[in-house]
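# Reading the structure
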Amino acid sequence: MVTIGIDVGGTNLVAGVVDAQGRLLAKACAKTPRVTTPQPIIDVCVTLARRACHMAGVAESDVGAIGFGVPGSVDRASGGVVRCCNIPFVDVPLRQVVQAQWNVPVFVENDANAAALGEATVGSARGYRHVLLVTLGTGVGGGILIDGKIYGGHNHLGAELGHTVIVHNGRRCGCGRYGCWEAYASASALTRDTRAAMRRHRDSKLWQSAQSLERVNARTAFDAMRQGDAVATALVERYVDWLACGLTNIVNVLQPEVVCIGGGVSNEGDALLLPLAERVRQGDYNKTDDRVDIRKAALGNDAGVIGAALGCHS
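Here goes a summary of the coordinates provided. (Residues numbered from 1 in each chain as written. Predicted model: local features only at pLDDT ≥ 70, side-chain atom pairs only at ≥ 80, totals over all residues. Heavy atoms only, no water.)

So, about the overall build of the chain. Scanning the chain from terminus to terminus reveals 10 helices and 13 strands. In terms of overall dimensions, the chain has a C-alpha envelope of 55 × 45 × 35 Å along the principal axes. Residues classed as buried in the chain amount to 53% of the 314 residues present. Residue pairs in contact within the chain that sit at least 24 positions apart in sequence constitute 61% of those at least 6 positions apart. Here the chain has roughly 13700 Å² of accessible surface; of this, 50% comes from carbon and sulfur atoms. Positive and negative charge centroids in the chain, built from 31 and 29 side chains respectively, lie 5 Å apart. (Helix = DSSP H or I, 4+ residues; strand = E, 2+ residues; numbered from the N terminus. Buried < 20%, exposed > 50% of the residue type's maximum accessible area, 1.4 Å probe, protein only. Contact = heavy atoms within 4.5 Å. Areas by Shrake-Rupley, 256 points an atom, 1.4 Å probe, with all protein chains shown as cover. Lys, Arg positive; Asp, Glu negative; His and termini not counted. Charge placed at Lys NZ, Arg CZ, Asp CG, Glu CD.)

With respect to the secondary-structure elements, Val280 resides in helix α9 (residues 270–283). Separated by 31 residues in sequence, Val280 and Asn249 place their C-alpha atoms 8.9 Å apart. Ignoring sequence-local partners within four residues, the contact set of Val280 consists of Ala244, Leu247, Thr248, Val251 and Ile294.

Two elements in contact, helix α5 (residues 187–200) and helix α8 (residues 230–254), have axes whose closest approach is 11 Å; the angle formed by their N-to-C orientations is 150°. Our classification of the angle between α5 and α8 gives roughly antiparallel. In terms of crossing hand, the pair formed by α5 and α8 is right-handed. Residues Leu190, Asp193, Thr194 and Ala197 of α5 touch α8, and the partners they reach there are Val231, Leu235, Arg238 and Tyr239. (Axes fitted to C-alpha atoms, helices over the stretch in contact; angles between N-to-C directions. Parallel < 35°, antiparallel > 145°, perpendicular 65-115°, else oblique. Left-handed = near helix turned anticlockwise from the far one by under 90°.)

In this section: the sheet that holds strand β3 (residues 24–31). As summarised here, the arrangement of the five strands in space is β3-β2-β1-β4-β8, forming an open sheet in which the pairing is mixed. Of all strands in the sheet, those with a lone pairing partner are β3 and β8 (106–110), marking the two edges. Neighbour to neighbour, the strand axes of the sheet diverge by 15° on average, direction disregarded. Inspection of the sheet shows strand β1 (residues 2–8) paired to strand β4 (residues 63–70) by six bridges, in the parallel sense. From the neighbouring strand, Ile4 faces β4, where its bridge partner is Ile66. Of the strands in this sheet, β1, β4 and β8 touch helix α3 (residues 111–122), which is tilted by about 95° from β8. The strands touched by helix α10 (residues 303–310) are β1, β2 (12–18), β3 and β4; relative to β1, the strand with the most contacts, the crossing angle is about 135°. (Pairing = 2+ DSSP bridges.)

Moving on, we get to the packing of aromatic side chains. Inspection of the entire model under this criterion finds one aromatic pair. Their ring planes at 50° and their centres at 4.6 Å tell us that Tyr184 and Trp242 sit as a pair that is tilted. Of this pair, Tyr184 sits in helix α4 (residues 182–185) while Trp242 sits in helix α8, placing them 58 residues apart in sequence. (Phe/Tyr/Trp six-rings, centres within 6.5 Å; stacked < 30°, edge-to-face > 60°.)

Below, the structure is given as structure tokens:
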């Protein structure tokens with residue numbers, strides 16, 4: 001018996017077939033539809049799940065359950081989505097809607113919580129009991145494991161780390177608040193800041209990296225920094241400062257054993273992780289030798305899919 005994990009992102013949708021050992025057998029991907037209602041997104045998710053089964057050579061009747069990782073607040077008990085900032089899911093009975101198309105048990109979890117479960121089970125946090133995962137994508141997601149169990153708070157709405165404020169009355173966030181960590185440390189925020197820097201500095205190597213404003217992404221500033229561009233270097237330094245500010249706050253609250261950094265920005269490797277770890281070390285209230293370990297998430301973009309599928313067994 002296999003399970004299906006579906007990672008619902010603001011940019012991409014991914015469905016994968018996962019076996020009981022956490023091995024990803026096949027996956028199918030698509031861009032997230034730009035729509036104002038949830039049904040088209042759900043329909044694409046189900047289609048991708050069926051496609052992944054076909055790719056894996058697995059009959060749909062052999063699927064034991066489907067797990068969703070959703071970027072927002074969920075109610076695990078009802079299988080509903082309470083609210084998302086980057087996709088139009090508000091009070092969506094996701095379990096009920098999906099079971100009308102595929103009559104198997106459906107589990108719904110926050111996407112970063114699902115990814116944290118994946119990393120703690122078969123990824124870079126394997127063997128640790130107190131785990132923090134931070135995902136840097138369209139938003140900033142957070143997943144927390146305490147003593148090996150996902151922490152969601154008494155109402156299942158916990159671990160919305162991206163919506164902690166790091167700048168009072170700062171930038172407006174998609175959630176409606178001002179100054180959220182997500183508004184400064186997400187890949188989307190870095191992309192926006194890079195475009196703004198390019199408009200101000202027409203001679204910057206940022207233009208060589210991206211060619212045009214439309215092609216800018218979170219890699220652009222790092223690529224230009226590696227070419228010695230001063231504007232890009234300042235941009236990355238400021239981004240890491242914002243990222244470290246929020247992360248240090250959370251480390252000082254939770255004192256996890258390990259922090260896994262996931263999402264596309266984590267692919268920058270040491271260019272991101274080394275200065276980030278140093279800034280967190282400086283701000284960490286814990287001054288002993290038993291410091292938190294900050295590392296790249298091992299499962300990459302598959303963490304959410306694998307974790308969502310593994311969550312069906314928990």
